[in-house]
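Structural overview for review
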Amino acid sequence: MKPGPTVQVPTREDPWEMALRQFNRAADHLPLKRGIREFLVYPHRELTVNFPVHMDDGSVRVFTGYRVHHSTVLGPTKGGIRYSTHVNLNEVRALAMWMSWKCALMHLPYGGAKGGVAVEPKQLSRGELERLTRRFATEISVVVGPQSDIPAPDVGTNDQIMAWIMDTYSMHRGHSVPAVVTGKPVSIGGSAGRREATAARTRKFALEGAQVVVQGFGNVGSVAAYLLHDQGCRIVGLSDVYSGIFNPAGLDPRAVLEYVAQTGRVEGFPGTQTVTNTELLELPCDILVPAAIEGQITRANAAQIKAKIIVEGANGPTTPDADDILTDRGVFVVPDILANAGGVIVSYFEWVQDLSSLFWTEEEINARLEPIMVQAFKGVVRLAAEREVDLRTSALIYAVRRVADALLVRGIYP
Ligand code: NAD
């Protein structure tokens, strides 16, 4: 195990509390019986695993991981796997619930799930990371499968980790099962266009010369930054977990990516001023894309945010108190379950392609992605006007209603 730099992460609002408050706001608009409302909100199943891993120095270390199935009403469950020291059951529960609503909003035949391991992956060697992943994949294989629960990447995981999960599951079965996980490399059944998909719809908001700040320069944030840059936006600020960089004249995100590949962080990129993550969120800009983790825009900083548009690349970046402040200030917030749904939609396409062993071109992927996103967006905007609510509450009303309707049609077993 490699020693890593200490990262100061401020105490965040509990994501599960946030998810419950958001749900309650939406559910109050729906005529749900008490028991149905309770069943909709609580996770259906939760698995906690403590498992050992051989470290390079000969020691054995025990790690804790989770896999939560929030809702199984609309189909098999779908959701990412996160590797981060801050992973805990309440975080995974919240992320699983948000996946249920995102899939329902996008009319995907999935319930929501999420998983994670409390670990800092950057401190592990490649061998340690592979052994941890293969053991965790084995531990959760009791609840994961191509017809039951299909993981994908999230914070701290990537296509290589998905490849190890796919291989581990396949080894246990004795044959290749590519559909058990999405976000895989294309060479083993991954889909064209998935990397870009999570951030792709931000293009709708791209304005020539608009100033953009992106928090979190990972899978989602880096793609959002270069797609917006390609659309003529000026990327003035970027950050990672360590710190942020600011240049009012604009940054080239691809050059920053190359710099990060060499140095491991954005700080020190030539021509930039270093800022903290707190300062970054309050920089002058037109569009703010939080693409790191939950609970970043809170009642403590919502009034200081200069952006007129917030496009949530991350899941749960804005707390309910912050939502109220932003709504009062007329800031246009495109909520996570709408803004970043491209990733799970193309994950769904990947799963369909793996199950049918028939692969589509990137053009076909994009042609299928566009109408799903546009339909959801229009539906959410229409409902928001009808109910006089913000876009998040509208998106949640829409999604919760879909799951509730399906639950009532299926009935309560037995
Ligand atoms: P990632 O690990 O690739 O990147 C995360 C980035 O955020 C990194 O730059 C990291 O340094 C930074 N970061 C982490 N903790 C931070 C903190 N406390 N403060 C500031 N920065 C921090 O992760 P990702 O896959 O890009 O996911 C980012 C967000 O997008 C998460 O909320 C995730 O749930 C959501 N998301 C991911 C996908 C996907 O397909 N990967 C899809 C939809 C939504």
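Higher on the page you've got the structure.
Summary of the structure given here. Keep in mind that this is a model prediction, so the values were computed, not measured.

On to the site of the ligand. The full set close to the ligand counts 24 residues, and Asp-154, Gly-156, Asn-219, Val-220 and Asn-315 are the nearest of them. Backbone polar atom of Asn-219 to an oxygen atom of the ligand: 2.8 Å apart, as the coordinates give it. The contact in question runs from an oxygen atom of the ligand to an N or O atom on the backbone of Ala-292, over 3.3 Å. Coverage of the ligand by the protein amounts to 89% of the 830 Å² it exposes when considered alone. Elements represented by at least two residues in the shell around the ligand include exactly helix H6 (194-200) and helix H7 (219-230). Residues belonging to the shell around the ligand are distributed by class as follows: 10 nonpolar, 10 polar and four charged.

The strand order across the open sheet built from seven strands is E9-E8-E7-E6-E10-E11-E12, with neighbouring strands paired in mixed fashion. Looking at which strands have only one partner, the edges of the open sheet turn out to be strand E9 (273-275) and strand E12 (332-334). Shown here is a sheet whose adjacent strand axes are inclined to one another by a mean of 20°, direction ignored. Bridge count for strand E11 (residues 309-311) against E12 is three bridges, and the pairing is parallel. By the bridge assignment, Ile-309 is partnered in E12 with Phe-332.

This part covers the side chain of His-69. By secondary structure assignment, the location of His-69 is in strand E2 (residues 60-69). Of the polar contacts made by the side chain of His-69, one reaches the side chain of Asp-149; its length is 2.8 Å. If near-sequence neighbours (up to four positions away) are discounted, His-69 is found in contact with Pro-43, His-44, Arg-45, Thr-77, Gly-112, Ala-113, Val-143 and Asp-149.

With 15 residues, helix H4 (residues 126-140) extends 21 Å from end C-alpha to end C-alpha; this agrees with the ideal 21 Å at 1.5 Å per step. Within H4 the residues assigned to the buried category are Glu-128, Leu-129, Leu-132, Thr-133, Phe-136, Ala-137 and Ile-140. Looking down the long axis of H4, one finds its buried residues gathered within 160° of arc, a one-sided arrangement. For H4, the elements touching its buried residues are strand E1 (45-54), E2, strand E3 (77-83), strand E4 (111-117) and helix H5 (159-173).

All right, on to the packing of aromatic side chains then. Per the counting criterion, the structure on display carries 10 aromatic pairs. Aromatic side chains Tyr-348 and Trp-351 sit 6.3 Å apart centroid to centroid with 35° between the ring planes, which places their arrangement in the tilted category. With a gap of three residues between them, Tyr-348 and Trp-351 both fall in helix H12 (residues 342-356), about one helical turn apart. Given the relative accessible area of 21%, Tyr-348 is considered partly exposed. What links up through ring pairs into an aromatic cluster is the set Tyr-110, Tyr-348, Phe-349, Trp-351 and Trp-360.

Glancing now at the environment of Thr-274. Inspection of the secondary structure assignment puts Thr-274 in strand E9. Take Thr-274: its relative accessible area is 41%, and that puts it in the partly exposed class. C-alpha separation for the pair Thr-274 and Ser-170, spaced 104 residues apart in sequence, amounts to 46 Å. Once you skip the residues sitting within four places of it in the chain, Thr-274 turns out to touch Ser-243, Gly-244 and Glu-267.

If you trace the five strands from one edge of the open sheet to the other, you get E1-E2-E4-E3-E5, paired in mixed fashion. The strands lining the two open edges of the sheet, one partner per strand, are E1 and strand E5 (149-153). Averaged over all pairs of adjacent strands, the angle between strand axes in this sheet comes to 20°, irrespective of strand direction. With respect to the sheet, helix H3 (residues 89-105) is in contact with E1, E2, E3 and E4, its orientation differing from that of E4 by roughly 150°.

So, on to the packing of helix H1 (residues 15-27) against helix H2 (residues 34-41). It is at 11 Å that the axes of H1 and H2 come closest, and there the two elements cross at 145°. In this structure, H1 meets H2 at a crossing whose hand is right-handed. In contact with Trp-16, Leu-20, Phe-23, Asn-24 and Ala-27 of H1, H2 contributes Arg-37, Leu-40 and Val-41. Residue composition of the contact of H1 with H2, grouped by class: six nonpolar, one polar and one charged.

Grouped together as the largest cluster of nonpolar side chains are 81 residues, with contacts concentrated most on Leu-40, Trp-101, Leu-105, Met-106, Leu-238, Val-289 and Ile-345. At 11 residues, the largest contribution of residues to this core is made by helix H14 (residues 391-410). Inspection of this core shows a minimum of three residues originating in each of domain 1 (43-189) and domain 2 (197-339). Beyond its immediate sequence surroundings of up to four residues, Ile-345 is in contact with Met-106, Leu-108, Leu-369, Ile-372 and Met-373. Counting 26 residues, the second-largest nonpolar core is a separate cluster that includes Leu-124, Leu-129, Ile-161 and Met-162.

Thresholds applied
Residues numbered from 1 in each chain as written. Predicted model: local features only at pLDDT ≥ 70, side-chain atom pairs only at ≥ 80, totals over all residues. Heavy atoms only, no water. Near = heavy atom within 4 Å. Polar contact = N/O pair within 3.5 Å; in protein donor to acceptor, adjacent residues only side chain to side chain. Areas by Shrake-Rupley, 256 points an atom, 1.4 Å probe, with all protein chains shown as cover. Helix = DSSP H or I, 4+ residues; strand = E, 2+ residues; numbered from the N terminus. Nonpolar A, V, L, I, M, F, W, Y, C, P; charged D, E, K, R; others polar. Pairing = 2+ DSSP bridges. Axes fitted to C-alpha atoms, helices over the stretch in contact; angles between N-to-C directions. Contact = heavy atoms within 4.5 Å. Expected span 1.5 Å × (residues − 1). Buried < 20%, exposed > 50% of the residue type's maximum accessible area, 1.4 Å probe, protein only. Arc of directions from axis to C-beta. Phe/Tyr/Trp six-rings, centres within 6.5 Å; stacked < 30°, edge-to-face > 60°. Left-handed = near helix turned anticlockwise from the far one by under 90°. Core = buried A, V, L, I, M, F, W, Y, C linked by side-chain atoms within 4.5 Å. Domains from an automatic or database assignment.

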